[in-house]
Amino acid sequence: MLNACRKGILLIALALFSVGADAAKPAFKLCWSIYAGWMPWDYAQQSGIIKKWADKYNIDIQFVQVNDYIESVNQYTAGGFDGCTMTNMDALTLPAAGGVDSTALIIGDYSNGNDGIVSKTVPSVAALKGQNINLVELSVSHYLLARALETAGLSERDVKVVNTADADLVAAFGTPDVKSIVTWNPLLAQAQKQAGAKTLFTSAQIPGEILDLLVVNTATLKQHPELGKALTGAWFETLKTMQGDSEAAKAARKQMGEAAGTDLAGFDAQLAATHLFATPQAALDFTVNPQLKTTMQKVAEFSFAHGLLGDAAPSADVVGIATPAGNWGDAGNLKLRFSDEFVRLAAENKL
């Protein structure tokens, strides 16, 4: 009887210890919003891949969907999340410019046609001179327009930008008054289907400039490198799962597509315009390439010209940007870092 009691007490103690150990696990919350290049994060969580990698490093990771993209970045910037999916331009102009030291843990992809300029009245970018162009002002669409005009020897002074909410763009394009728009998928695909629509320029013509990232608070990442390892491992396992024509791969992409409001064919079409870095080595090669530093300088100069680095910003280089190939901007104010540490571990099978 005494032995039985002791055994019972021991089991209870072990159970309590287990609960306490779980409660003591470091826990992290990251946010994401719907976009082809970020749907793998949702699938990774729903399928248990995130949990598998979090368990490996004895941590808890939760991804939270925020329906409004800019709001998700703002919540991260305000400290509500440990990490968030965002573009390179928004990483610079929101958290970094706001003083939040942030690390681009994973460059997941670049837009390779997912963003574009569509017109019903003109045949080329050069012919946009003097025209009204509807877009989400100060977004990556605005950046795309500026780069497109540059290729045609024009500048923003040669056109009139009309700020239009993304939810209204496609409907507006269907009216006689709105003749040219800049937008992203799936809105771009909808606009391209309208009668007389002609695509004048896409992000495929400036490859590697509109980047989709997973950004993590730098201080959090330094204190908990296991978070970076778990996230990187989960990401590349998910990409491996969704590639190819196997039933498992198609089922994974179908689930992602449905979560994004489309079907397998629709999601595959979006992926076709998204240059995913499908392997750790491909992501590593892009991250260490000196072109990344050049791209971020262009983004910083555009952002400064449009007041996105803050009213008091004296120059485009006010925010320091660190890349493996070298830094750009104020070395005393490094607030955006592109890390190759964890993707390198993945490429070397050391996670």
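Below is a short write-up of the structure. Given the structure is predicted, the values throughout are model-derived calculations rather than measurements.

Structural notes on the overall build of the protein chain
Thought 1: Helix and strand content of the protein chain: 15 helices and 14 strands.
Thought 2: In terms of C-alpha radius of gyration, the protein chain reaches 23 Å, essentially the compact-globule figure of 20 Å for 351 residues.
Thought 3: The principal-axis extent of the C-alpha atoms belonging to the protein chain is close to 95 × 50 × 35 Å.
Thought 4: In the protein chain, which comprises 351 residues, the share counted as buried stands at 49%.
Thought 5: When contacts within the protein chain are restricted to residue pairs at least 6 apart in sequence, those whose partners lie at least 24 apart make up 76%.
Thought 6: Positive and negative charge centroids in the protein chain, built from 27 and 35 side chains respectively, lie 5 Å apart.

Topic: the packing of helix α3 (residues 49-56) against helix α10 (residues 225-242)
Thought 1: Across the interface, α3 lies against α10 with an axial gap of 9 Å and an inter-helix angle of 145°. In terms of crossing hand, the pair formed by α3 and α10 is right-handed. For the pair formed by α3 and α10, the contact residues are I49, I50, K52, W53 and A54 on the first element and K229, A230, G233, A234, E237, T238 and T241 on the second.
Thought 2: Considering only residue class, the contact of α3 with α10 consists of six nonpolar, three polar and three charged.

Regarding the pairing of strand β4 (residues 102-111)
Thought 1: The buried fraction of β4 is high, at 10 of 10 residues.
Thought 2: In this sheet, strand β10 (residues 211-217) lies alongside β4 in antiparallel orientation, the contact comprising seven bridges. Looking across to β10, one finds that A104 is bridged to V215.
Thought 3: Where β4 and strand β14 (residues 334-338) come together, three bridges link them in parallel fashion. Considered in β14, the bridge of A104 is made with F338.
Thought 4: Bridge analysis of β4 against strand β11 (residues 274-276) gives three bridges, and the strand direction is antiparallel. Paired with S111 across the two strands is T274, which belongs to β11.

With respect to a negative patch on the surface
Thought 1: A grouping of D68, E71, D166 and D168 is seen on the molecular surface, where their side chains present a negatively charged patch.
Thought 2: Take D168: it is sitting in helix α7 (residues 166-173).

Quick notes on the packing of aromatic side chains
Thought 1: With the rule as written, the count across this model stands at eight aromatic pairs.
Thought 2: Between the aromatic rings of Y110 and F277, the centroid separation amounts to 5.8 Å while the plane-to-plane angle is 65°, which identifies the pairing as edge-to-face. Of this pair, Y110 sits in strand β4 while F277 sits in the loop between β11 and α13 (280-288), and the two are 167 residues apart along the sequence.
Thought 3: Residue Y110 is classed as buried on the basis of its relative accessible area of 12%.

Some words on the packing of helix α6 (residues 140-151) against helix α14 (residues 291-305)
Thought 1: Taken N-terminus to C-terminus, the directions of α6 and α14 make an angle of 105°; their axes are 11 Å apart at the nearest point. Here α6 lies roughly perpendicular to α14, going by the angle between them. Between α6 and α14, the contacting residues are H142, Y143, A146 and R147 on the first element and K298, V299 and F302 on the second.
Thought 2: For the contact of α6 with α14, the per-class residue count stands at four nonpolar, one polar and two charged.

Quick look at the side chain of S102
Thought 1: Note that S102 resides in strand β4.
Thought 2: On the basis of relative accessibility, which here comes to 0%, the residue S102 falls in the buried class.
Thought 3: Polar side-chain contacts of S102 include one of 3.0 Å to the backbone oxygen of V100.
Thought 4: Those residues in contact with S102, other than ones at most four positions away along the chain, are Y76, P95, V215, V216, T218, K335, L336 and R337.

Thoughts on the pattern of salt bridges
Thought 1: Per the stated rule, a full pass over the model turns up 12 salt bridges.
Thought 2: A salt bridge links D55 to K25, with the nearest nitrogen and oxygen atoms 3.6 Å apart. Here D55 is found in helix α3, whereas its partner K25 is found in the loop between α1 (2-23) and β1 (27-32), with 30 residues between them in sequence.
Thought 3: Assessed through its relative accessible area of 34%, D55 is described here as partly exposed.
Thought 4: Beyond isolated ion pairs, a larger network of salt bridges with shared partners links R147, E150, E209 and K298.

What counts and how
- Residues numbered from 1 in each chain as written.
- Predicted model: local features only at pLDDT ≥ 70, side-chain atom pairs only at ≥ 80, totals over all residues.
- Heavy atoms only, no water.
- Helix = DSSP H or I, 4+ residues; strand = E, 2+ residues; numbered from the N terminus.
- Rg over C-alpha atoms; globule rule 2.2 N^0.38 Å.
- Buried < 20%, exposed > 50% of the residue type's maximum accessible area, 1.4 Å probe, protein only.
- Contact = heavy atoms within 4.5 Å.
- Lys, Arg positive; Asp, Glu negative; His and termini not counted.
- Charge placed at Lys NZ, Arg CZ, Asp CG, Glu CD.
- Axes fitted to C-alpha atoms, helices over the stretch in contact; angles between N-to-C directions.
- Left-handed = near helix turned anticlockwise from the far one by under 90°.
- Nonpolar A, V, L, I, M, F, W, Y, C, P; charged D, E, K, R; others polar.
- Pairing = 2+ DSSP bridges.
- Patch = residues over 30% accessible without salt bridge, like charges linked within 9 Å, V, L, I, M, F, W, Y side chains within 5 Å.
- Areas by Shrake-Rupley, 256 points an atom, 1.4 Å probe, with all protein chains shown as cover.
- Salt bridge = Lys/Arg side-chain N within 4 Å of Asp/Glu carboxyl O.
- Phe/Tyr/Trp six-rings, centres within 6.5 Å; stacked < 30°, edge-to-face > 60°.
- Parallel < 35°, antiparallel > 145°, perpendicular 65-115°, else oblique.
- Polar contact = N/O pair within 3.5 Å; in protein donor to acceptor, adjacent residues only side chain to side chain.

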